[in-house]
Amino acid sequence: MRTVFPAPTSCSVRPTDAGVAVWRGALRLGRCRVFMLIACTAVLAISAAAQPGSQPDPTSQDPIGPPVPDATQDPQDAPIVREILVEPAGSEDTIRRILKTQTKQPLRPSDVADDIRNLMSQLRILAEAYREDLPGGGVRVIFSVTEWPTFERFSFKGLASMSEREVRTLLNLGPRQRMNELAAAQYAATLRDRYRRLGFTFVQVRIEKDLDQSELIFWVDEGPKVTVDQVHVIGNPAFPFWAPLDFYDNLEDSAELESAPAGALLGGDPYSAEVVDEDLDRLRLFYRKRGFRDARVELAGAVFSEDRSKVDLTFLVDEGPRYRIASIDLEQLPPPGQANPTYSKERVLEEIELQPGEYYDFREVELDKRRITSFYGRRGHPEFGRYGRGIENAFQVLDTVETFDVENSEIHLKFVVDEGSPKTLRSVRISGNSDTEDRVIRRKVRILPGEILDMKKVDRSLSTLDALRYFQDPQNFGGVRFELEPVREAPDLVDLDISVTEGDTGSFLWGAGVSSANGVQARFVLSKRNFDYRRLPSTWNPISWFSEIANNEAFHGSGQELELVLAPGTQISMFQLSFYEPDIFNQHFDTYGLRLQGYRRLQFYDSFLMDALGANVGLERNLSDEMSVGLTLRQETLDIRNPDPNAPTIVWDSEGQTELRGVRLQIAHSNQDSLFVPTSGSNTRAYTEVLGGVFGADEDIFKVGGSYTQYFPLYRDERDRAHTLRWRSSVDYGVGFGRSDDLYLTERFYMGGSNLRGFAQRRAGPSQFGQPVGGEIRILSSLEYGFPIFSTQKAGQIRQTEVLRGVTFLDYGHLGLSIDEIGPPRLSAGVGLRVIVPVLEVPIRLDVGWPILDETTDVQRQFFFSLSRF
């Protein structure tokens, strides 16, 4: 006796007069439910027509039989499939290849359901499934299939706003692809939806069959393209209608906002009912996340013009009361076997910044959740789902409990946390580093076996390894993956598994550009990260070297850096070779780094030409990932020539060849959270330098200075992108001693350009004969507000990757001929853009500044752009 499998989708129907329970595959046609109904009806009609007036065959189609389990469940005592039949057998081989149901395996209704769906999605075949119990045990599964007639060709008529190539790309149609009517209906629906999103509200797509030519013709009647003319918004006193788009945060006392004609909010944009529905959902969510629990946002009307080319939209916003936080509580679920929470409620609540009486804001609630997570993470509680899901008793912030007092418009807020138990790191295991030495990775992991699992250190270790850019996964830019693995015999211990994918660390970059400070310049850069000078090629054949270097088989794996730069230009021409070994004594932590550099630089200044040939040898002690101390020996030969007739006196005094030699001591501390887009932390540098004196040379110079940069996180938007405030200040002082009466020409300090936007390079400050002379003391300060403009999200990433940021800034500075003659202040303001291109290692900076305080001798320049850090 055949038993019909139950229908897995809403496309099932009751048994026909022939007694067949039909099970159709999931068509997934989106809005094309009408085509699903047509398909099911057509098959039923065919079935009924095939047996007019007949009674059901009890041997083949009687639905009576043993009960069949639900298709979503797999019974433990499922019978074994002994035989599979396909009726009719025309496409049997093709069908069998995609079936999950197999002989000699238990019968799983869920597999049968998948088979029917796959037959529809992959082969456009309607199928029914039956089972027959066989003598001696086991079952026979029968797939009864109905194939739709296939047309050899298809074409599109009536296209105006889209080309046939664009349509074929949209529908993913090949040049010789065949098509049946069912697939054609799905393609027509997809095409119609795309037209409507583009503003063609009244588009019609119909399908015509040419049986003689075996062709399907898609006739497209686009109709007029509808654009939004006016937008009327009524009833939004707390926020403007465009607030969710992050253009504004608040607009007080605007009880009614009426937009201007085309060109204002949404004016001139294509009209799409689907997009309007999506925007309404976003608006409702926007209000409710900000405490307007009862807010209603509806489209009150859409009025089309006579020619249906324009539409006026009226939105009704009923904000309702804005709820305040009445109380904040915390519920802690202790780990299994522990009666009381690990930490007191009062201590954890200290991490929360929300306060009773404030307006409810979902963003602030989420930030407080992160603060609680960070509190537990620093104490060894790994977050559930972070770095793997295998950890038992992991920490988790559960959904907040929000109790609403509608009468008083208040919310009683309770955070709920599952504390889990603190973990200790047992070991760090590294895999995937086929070409990179283990020590290169381990020295960047700041948590050691035997220590409490400080999640802040774990997070910092991952970002530090990613910043090296030694490892790159084609599917995910980073190429470094952390996973915490439980230790079965010790539930309070975990192992940290670090898996890496070796990437391309050598690059040859070339190009040309124009800089507002340095003119036109070509640039050729050969760089090798993760370099190893000890790993020589296996052969002396130079031709083989290139292959081994490209495949990371030579000069690779020790974490060193090598860079060769050749940059000819109109203002600056430079050749530079540099090498860096971060761990010269193989100490793992608190390493000593060696830096070697040689260069030749030819630079045209305002009134002279400088030719410099020099070398630096530096030794630095890395006290931690955040702090280092360095000592650099400097040897430089300068040739000042071709002075302008109007050159300042100091240029004439410096004409000719001068030798500089000395030592520079520097200390640096940086704990900023990101290399490309810092949002918190600080960067501090201080230095002192002595040239000449006991080191000989032609000039005796003493210099000292320092800088401090602080990043203040203001808040994060709906996409978790940071708005930040950056404050930077620096002081530099230099003086000649011994044989030098003044600070030498090239060692003096200047203002303008990148350090004081709105002024030309070096042209803000003291001057003589219209040319800058610099100074011996410089004080600079800058305040910059940065905000996101455009970002994207890569597959597998949670946070968005920012591509474009905007800034507004104030720059301030003093430049004095001596410490007793500090010049008048300069002040400028402006706006700018930051284009973040990871392959360039530094963002592109575009700034426009306007001087507010200046002097008549200064030279202004509004536009400035460069490649430099934030």
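Calculation notes
- Residues numbered from 1 in each chain as written.
- Predicted model: local features only at pLDDT ≥ 70, side-chain atom pairs only at ≥ 80, totals over all residues.
- Heavy atoms only, no water.
- Helix = DSSP H or I, 4+ residues; strand = E, 2+ residues; numbered from the N terminus.
- Areas by Shrake-Rupley, 256 points an atom, 1.4 Å probe, with all protein chains shown as cover.
- Buried < 20%, exposed > 50% of the residue type's maximum accessible area, 1.4 Å probe, protein only.
- Polar contact = N/O pair within 3.5 Å; in protein donor to acceptor, adjacent residues only side chain to side chain.
- 1 Å grid on protein atoms, 1.4 Å probe; cavity = no way out; pocket = protein on both sides within 12 Å on 5 of 7 lines; lining within 4 Å.
- Points joined across faces, edges and corners; volume = space filled by probe spheres on them.
- Nonpolar A, V, L, I, M, F, W, Y, C, P; charged D, E, K, R; others polar.
- Pairing = 2+ DSSP bridges.
- Axes fitted to C-alpha atoms, helices over the stretch in contact; angles between N-to-C directions.
- Lys, Arg positive; Asp, Glu negative; His and termini not counted.
- Salt bridge = Lys/Arg side-chain N within 4 Å of Asp/Glu carboxyl O.
- Contact = heavy atoms within 4.5 Å.
- Phe/Tyr/Trp six-rings, centres within 6.5 Å; stacked < 30°, edge-to-face > 60°.
- Core = buried A, V, L, I, M, F, W, Y, C linked by side-chain atoms within 4.5 Å.
- Parallel < 35°, antiparallel > 145°, perpendicular 65-115°, else oblique.
- Left-handed = near helix turned anticlockwise from the far one by under 90°.
- Patch = residues over 30% accessible without salt bridge, like charges linked within 9 Å, V, L, I, M, F, W, Y side chains within 5 Å.
- pLDDT = per-residue confidence, 0-100.
- Expected span 1.5 Å × (residues − 1).

Our focus in this paragraph is the overall build of the protein chain. For the protein chain, the count of helices and strands is 12 helices and 39 strands. With an accessible surface of roughly 43,800 Å², the protein chain has 53% of that area assigned to carbon and sulfur atoms.

Mapped onto the secondary structure, Arg 805 falls in strand E35 (residues 801–816). Taking relative accessible area as the criterion, Arg 805 reaches 3% and is therefore assigned buried. Reaching out from Arg 805, the side chain makes a polar contact with the side chain of Glu 802 at a distance of 2.9 Å.

The next subject is empty space enclosed by the protein. Under the defined criterion, the tally for this structure stands at two cavities of 30 Å³ or more. Here the second largest cavity is characterised by a volume of approximately 40 Å³. Taken together, Asp 606, Ser 607, Phe 608, Pro 648, Val 651, Leu 745, Tyr 750, Arg 762, Gln 771 and Pro 772 make up the full set of residues lining the second largest cavity. For the lining of the second largest cavity, the residue count by class is six nonpolar, two polar and two charged.

A few words now on the pairing of strand E22 (residues 560–567). Bridge count between strand E21 (residues 519–531) and E22: six bridges; the pairing is antiparallel. Looking across to E22, one finds that Phe 524 is bridged to Leu 566. Two elements, E22 and strand E23 (residues 572–581), share seven bridges in a ladder whose sense is antiparallel. Each bridged residue has a counterpart across the sheet, and for Leu 562 the counterpart in E23 is Phe 579. The loop that links E22 with its antiparallel partner E23 comprises four residues.

We now examine the sheet that holds strand E17 (residues 424–431). Read across the open sheet, the three strands follow the order E17-E19-E18; overall the sheet is mixed. Across the chains shown, the open sheet's two edge strands, defined by having one partner strand only, are E17 and strand E18 (480–487). Each adjacent strand pair in this sheet contributes to an overall mean axis angle of 25°, direction not counted. Examined bridge by bridge, E18 and strand E19 (residues 490–500) share eight bridges and lie antiparallel to one another.

Structurally, Asp 435 is set in the loop between E17 and helix H9 (438–442). One buried charged residue, Asp 435, remains without a salt bridge, the closest side chain of opposite sign being Arg 535 at 4.1 Å. For Asp 435, the residues in contact, after removing those within four places along its chain, are Glu 502, Arg 535, Asn 551, Asn 552, His 556 and Gly 557.

A few words now on the packing of aromatic side chains. Enumeration over the complete set of coordinates arrives at 21 aromatic pairs. Plain terms: the ring middles of Phe 156 and Phe 218 are 4.9 Å apart, the flat faces sit at 20° to each other, and that makes the pair stacked. Highlighted residues: Phe 156 in strand E6 (residues 153–157) and Phe 218 in strand E9 (residues 215–221), separated in sequence by 62 residues. Note on Phe 218: relative accessible area 1%, which makes it buried. Arranged with centres 6.1 Å apart and planes meeting at 50°, the rings of Tyr 387 and Phe 482 form a pair that is tilted. One end of the pair, Tyr 387, is in the loop between helix H8 (362–377) and strand E15 (396–405); the other, Phe 482, is in strand E18, with 95 residues separating them in the sequence. Residue Tyr 387 is classed as buried on the basis of its relative accessible area of 10%. Accessibility expressed as a relative area gives 4% for Phe 482, which makes it buried. Grouped by ring-pair contacts, the aromatic residues Tyr 343, Phe 375, Tyr 376 and Phe 395 constitute a single cluster.

This brings us to the nonpolar core. Most often, soluble globular proteins keep nonpolar side chains buried together rather than apart. Ranked by size, the top nonpolar core spans 25 residues in total, and within it Leu 453, Leu 465, Val 480, Phe 482, Leu 484, Leu 496 and Ile 498 carry the most contacts. Elements represented by at least two residues in this core include exactly E17, H9, helix H10 (455–468), E18 and E19. Ranked by the residues each element gives to this core, the list is headed by H10, at five residues. When neighbours within four sequence positions are excluded, Leu 496 is seen to be in contact with Leu 425, Ser 427, Val 428, Arg 429, Val 445, Phe 482, Glu 483 and Leu 484. Membership of the second largest hydrophobic core comes to 23 residues, among which are Leu 691, Phe 759, Ala 764 and Leu 780.

So, about the packing of helix H4 (residues 164–171) against helix H5 (residues 181–197). In the contact formed by H4 and H5, the axes pass within 10 Å of each other and the chain directions differ by 115°. Considered as vectors, H4 and H5 are oriented roughly perpendicular to each other. Handedness of the crossing formed by H4 with H5: right-handed. Residues Val 167, Leu 170 and Leu 171 of H4 touch H5, and the partners they reach there are Tyr 187, Thr 190, Leu 191 and Arg 194. Grouping the constituent residues of the contact of H4 with H5 by class yields five nonpolar, one polar and one charged.

A cluster of nonpolar side chains, Phe 508, Trp 510, Phe 524, Leu 526, Leu 564, Leu 566, Phe 575 and Leu 577, forms an exposed patch at the surface whose accessible area comes to about 810 Å². Residue assignment for the nonpolar patch shows that the elements contributing at least two residues are strand E20 (506–515), E21, E22 and E23. For Phe 575, the position within the fold is in strand E23.

Taken over all residues, the pLDDT of the protein chain has a mean of 83, while the share at 70 or more is 84%. Throughout residues 9–74 the model reports pLDDT below 50, and contacts reaching past four residues in sequence, or to other chains, amount to 103 contacts. Across residues 245–265, confidence stays below pLDDT 50; counting only partners more than four residues off in sequence or on other chains, it has 44 contacts.

Our next topic: unusual backbone geometry. Located in the positive-phi region is Asn 172, a residue other than glycine, with phi close to 55°. Relative to the helices and strands, Asn 172 is located in the loop between H4 and strand E7 (179–180). For Asn 172, a relative accessible area of 65% corresponds to the exposed category. Backbone geometry places Arg 308, a non-glycine residue, at a positive phi of 60°.

For the rest of this paragraph, the subject is the environment of Glu 485. Tracing the backbone shows Glu 485 in strand E18. Residues Glu 485 and Glu 392, 93 residues apart in the sequence, show an inter-C-alpha distance of 9.7 Å. Not counting residues within four places of it along the chain, the set of residues in contact with Glu 485 comprises Ile 391, Arg 429, Val 494, Asp 495 and Asp 497.

Positionally, Gly 806 belongs in strand E35. Separated by 19 residues in the primary sequence, Gly 806 and Phe 787 place their C-alpha atoms 5.4 Å from one another. Contacts of Gly 806, omitting those with residues within four sequence positions, involve Tyr 785, Gly 786, Phe 787, Ile 789, Gly 832 and Leu 833.

The terminal C-alpha atoms of helix H3 (residues 109–123), which comprises 15 residues, lie 20 Å apart, in line with the 21 Å expected from a rise of 1.5 Å per residue. For H3, the set of buried residues is Pro 109, Ser 110, Asp 111, Val 112, Ala 113, Asp 115, Ile 116, Leu 119 and Met 120. Residues of H3 that are buried sit in contact with helix H2 (92–98), strand E3 (125–133), strand E4 (139–147) and H5. With its phi angle positive at about 55°, Arg 124 sits one or two positions after the end of H3.

What follows deals with H8. Relative to the 22 Å expected for 16 residues at 1.5 Å per residue, H8 spans 22 Å between its end C-alpha atoms, a close match to the ideal helical length. Those residues of H8 hidden inside the fold are in contact with strand E14 (324–333), helix H7 (345–349), E15, strand E16 (410–418) and H10. Of the residues that open H8, the one with a side-chain oxygen 2.9 Å from the backbone nitrogen of Arg 363 is Asp 361.

Let us now look at the sheet that holds E16. Pairing within the open sheet is mixed, and its three strands lie in the order E14-E16-E15. Each having just a single partner strand, E14 and E15 make up the two edges of the open sheet. With strand direction ignored, the average angle separating the axes of adjacent strands in the sheet is 20°. Strand direction decides the pairing type here: E14 and E16, joined by nine bridges, are parallel.

So, about the environment of Glu 855. Note that Glu 855 resides in the loop between strand E37 (844–853) and strand E38 (860–861). Considered as a pair, Glu 855 and Pro 824 are 31 residues apart in the sequence and their alpha carbons are 8.3 Å apart. If we ignore the near neighbours within four places in the chain, the residues touching Glu 855 are Pro 824 and Arg 826.

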